[in-house]
Amino acid sequence: MGRYTKEDIIRLVRDEDIQFIRMQFTDIFGQLKNVAITASQIERAVNNEIMMDGSSIEGFVRIEESDQYLWPDLDTFAILPWRPQYGKVARLICEVHNPDGTPFVGDPRNVLKRALQQAESMGYTFNIGSEPEFFLFQTDEDGRPTTRTSDEAGYFDLGPLDHGESTRREICLCLEEMGFEIEASHHEVAAGQHEIDFKYADALHAADNIMTFKLAVKALAQKNGLHATFMPKPVYGAAGSGMHINMSLFRKGRNVFLDESAPGQLSPLAYQFIAGLLAHVQGFCALTNPLVNSYKRLVPGYEAPCYLAWSSSNRSALIRIPAPRGQGTRVELRSPDPSCNPYLVFAACLAAGLEGIEKGLTPPAEVPENINAMTPEARAALGIQRLPGTLEAAIHALEADQLVLDTLGPHVSAQYITGKLREWEEYRTQVSQWELEQYLVAF
């Protein structure tokens, strides 16, 4: 049974003096969108009668098929704590449906729900815990973002060196008001870089939580005169921002990645899941790392993994098995960055892991050494491959991976590839400041 009924939502809107409701949804490229309605329209909203123009959303539908409807997930109702306390603003996370009531194939939330249905048919539930990082930068006199920070802190430092500490604290408190369980927050490696970790959830609500988290971070930073960015690599020579994804499969309330009698206490299913991820991580790299800028983070020397390997302790490996066991046994994928669309990424990871289980795949041997310190010859001898080095290469790897294409579906995969190839072409044909400084005088 869900947390809320239609009647509950209508009553809450009235009793809490809520004046506006944001009907939120996410587009193919991971951008949060919304249709705002007033309280007078809440009955229409909970009865799936709020319409939108899908042709205005990149990658959705053509203009002659533009009418679509927003179907809210009633359990996602929440008041936005950073908005005014008089005339409050609430939100409902929605799925996009066609006029005939069928789910829209281009809705990322529905893509993930299809993947979760496959897991359910095999008896599994899929849990995710994410670790999104972000930067807080100063703004200029016109309020535009810069990459400046007066922050002098490093990993785990605190005020007064950590000048973003108060904003990070405010973000945590607001998220807790919305029902998040905040497990930890701290300063990250680079100046102005932060991380807030919240408790794992089933994959659908974990993806919802990431989108809510991004909105809260940006809104509260702006309120405090700062600019928050989830751009993977905003500063040359500094660590980039990642979003490690911790995954586990449960069956009848038990973590199936755990086998207390086995070496390392990992079950055969855990190894098969790892093998499935490694088999398709290049194919879904354009999802986990979706920007041109993403590949400036995925270089050796800045804590971001570049090489296809797994380890129980080695943080240079793409996949790590964190120390906790019992119900906390999990597989950590370290390559994703926070610019990704979590609905598509979680769907692809689940499909890859399930294929590993269905086919009984075996992962390569664990790599305990620092892979970044190995010579190319040593990596080649161990059969260690690299992630794609550019967005273009990642797109071509996606085009060649039928499992990932099938998981996304023909509509999403075609629109995603088209959009990302356009983004790559725009980047490829730009003339950068670096090129001018290197070549304008010399040639």
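A quick note: this is a predicted structure, and the numbers were derived from the prediction, not measured.

Asker: Got a minute to help me understand the side chain of Asn255 in this structure?
Answerer: One can find Asn255 in strand E13 (residues 254-255). For Asn255, a relative accessible area of 0% translates into the label buried. A distance of 3.0 Å separates a polar atom in the side chain of Asn255 from the backbone oxygen of Gln327. One polar contact links the side chain of Asn255 to the main-chain carbonyl oxygen of Thr329, over a distance of 2.7 Å. Dropping the residues within four chain positions of it, Asn255 is found in contact with Ser248, Leu249, Phe250, Gly326, Gln327, Gly328 and Thr329.

Asker: When you look at the environment of Lys420 in this model, what are you seeing that I'm missing?
Answerer: With respect to the element layout, Lys420 can be found in helix H12 (residues 410-428). Residues Lys420 and Leu291, 129 residues apart in the sequence, show an inter-C-alpha distance of 8.0 Å.

Asker: Is there a simple way to explain the pattern of salt bridges in this structure?
Answerer: Opposite charge on two side chains permits pairing when their charged atoms draw close. Evaluated as defined, the whole model comprises 17 salt bridges. With a closest N to O distance of 2.6 Å, Arg109 and Asp208 form a salt bridge. Here Arg109, found in helix H3 (residues 108-121), pairs with Asp208, found in helix H5 (residues 203-223); they are 99 residues apart in sequence, far enough to count as distant. Here Arg428 and Glu425 are joined by a salt bridge, their closest N and O atoms 2.6 Å apart. Taken as a pair, Arg428 and Glu425 lie in helix H12 at a separation of three residues, close to a single helical turn. The exposure class of Glu425 is partly exposed, given its relative accessible area of 35%. When salt bridges that share partners are traced, they join Asp73, Glu95, Arg109, Lys113 and Asp208 into one network.

Asker: Got a minute to help me understand the pairing of strand E8 (residues 182-187) in this structure?
Answerer: Strand residues, when the strand is regular, have side chains that alternate between the two faces of the sheet. Taken together, the five bridges between E8 and strand E9 (residues 193-198) define a ladder with antiparallel strand orientation. If you follow Ser185 over to E9, its bridge partner there is Ile196. Connecting E8 to the antiparallel partner E9 that follows it, the hairpin turn spans five residues, and Gly192 within it adopts a positive phi of roughly 80 degrees.

Asker: I tried to follow the packing of aromatic side chains on my own but got confused; where do I start?
Answerer: In this description, a pair of aromatic rings is defined by centroid distance and the angle of the planes. Within this structure, the stated rule accounts for 14 aromatic pairs. Taking 5.7 Å as the distance between ring centres and 90 degrees as the angle between the ring planes, the aromatic pair formed by Trp434 and Tyr439 counts as edge-to-face. Ring pairs connect the aromatic residues Phe134, Phe180, Phe198, Phe213 and Phe230, which therefore count as one cluster. When the ring centre of Phe230 is taken as reference, the NZ or CZ atom of Lys214 above it lies at 5.9 Å.

Asker: What is the right way to read the nonpolar core from this model?
Answerer: Soluble globular proteins tend to pack their nonpolar side chains together in the buried interior. Counting residues in hydrophobic clusters, the biggest one holds 94 residues, and the most contacted among them are Leu249, Phe284, Ile319 and Phe346. In terms of residues, this core owes the most to one element, H5, which gives 12 residues. When sequence neighbours within four positions are dropped, the list of residues in contact with Ile319 reads Ile274, Leu277, Leu278, Ala309, Trp310, Ser311, Val331, Glu332 and Leu333. Ranked by size, the runner-up nonpolar core spans 20 residues in total, among them Ile21, Val46, Met52 and Cys94.

Asker: Before we go on, may I ask you to explain the pairing of strand E12 (residues 243-251) in this structure?
Answerer: Most of E12 sits out of view: eight of its nine residues are buried. Sheet topology note: the E12/strand E16 (residues 331-333) ladder contains three bridges and is antiparallel. Across the sheet, residue Met247 finds its bridge partner in E16, namely Val331. Sheet topology note: the E12/E13 ladder contains two bridges and is antiparallel. Its bridge partner lying in E13, Arg251 is registered against Arg254.

Asker: Please clarify how the packing of H3 against helix H8 (residues 342-359) should be interpreted in this entry.
Answerer: Each pair of packed helices can be summarised by the angle the axes make with each other and by the distance between the axes. Taken N-terminus to C-terminus, the directions of H3 and H8 make an angle of 20 degrees; their axes are 8 Å apart at the nearest point. Accordingly, the angle class assigned to the pair H3 and H8 is roughly parallel. Note on packing geometry: the crossing formed by H3 with H8 is left-handed. Along its contact with H3, which presents Pro108, Arg109, Val111, Leu112, Ala115, Leu116, Gln118 and Ala119, the element H8 presents Tyr343, Leu344, Phe346, Ala347, Leu350, Leu354 and Glu358. Broken down by class, the residue content of the contact of H3 with H8 amounts to 12 nonpolar, one polar and two charged.

Rules used throughout
- Residues numbered from 1 in each chain as written.
- Predicted model: local features only at pLDDT ≥ 70, side-chain atom pairs only at ≥ 80, totals over all residues.
- Heavy atoms only, no water.
- Helix = DSSP H or I, 4+ residues; strand = E, 2+ residues; numbered from the N terminus.
- Buried < 20%, exposed > 50% of the residue type's maximum accessible area, 1.4 Å probe, protein only.
- Polar contact = N/O pair within 3.5 Å; in protein donor to acceptor, adjacent residues only side chain to side chain.
- Contact = heavy atoms within 4.5 Å.
- Salt bridge = Lys/Arg side-chain N within 4 Å of Asp/Glu carboxyl O.
- Pairing = 2+ DSSP bridges.
- Phe/Tyr/Trp six-rings, centres within 6.5 Å; stacked < 30°, edge-to-face > 60°.
- Lys NZ or Arg CZ within 6 Å of the ring centre and 35° of its normal.
- Core = buried A, V, L, I, M, F, W, Y, C linked by side-chain atoms within 4.5 Å.
- Axes fitted to C-alpha atoms, helices over the stretch in contact; angles between N-to-C directions.
- Parallel < 35°, antiparallel > 145°, perpendicular 65-115°, else oblique.
- Left-handed = near helix turned anticlockwise from the far one by under 90°.
- Nonpolar A, V, L, I, M, F, W, Y, C, P; charged D, E, K, R; others polar.

Interpretation note: all reported values are geometric properties and have no functional meaning in isolation.
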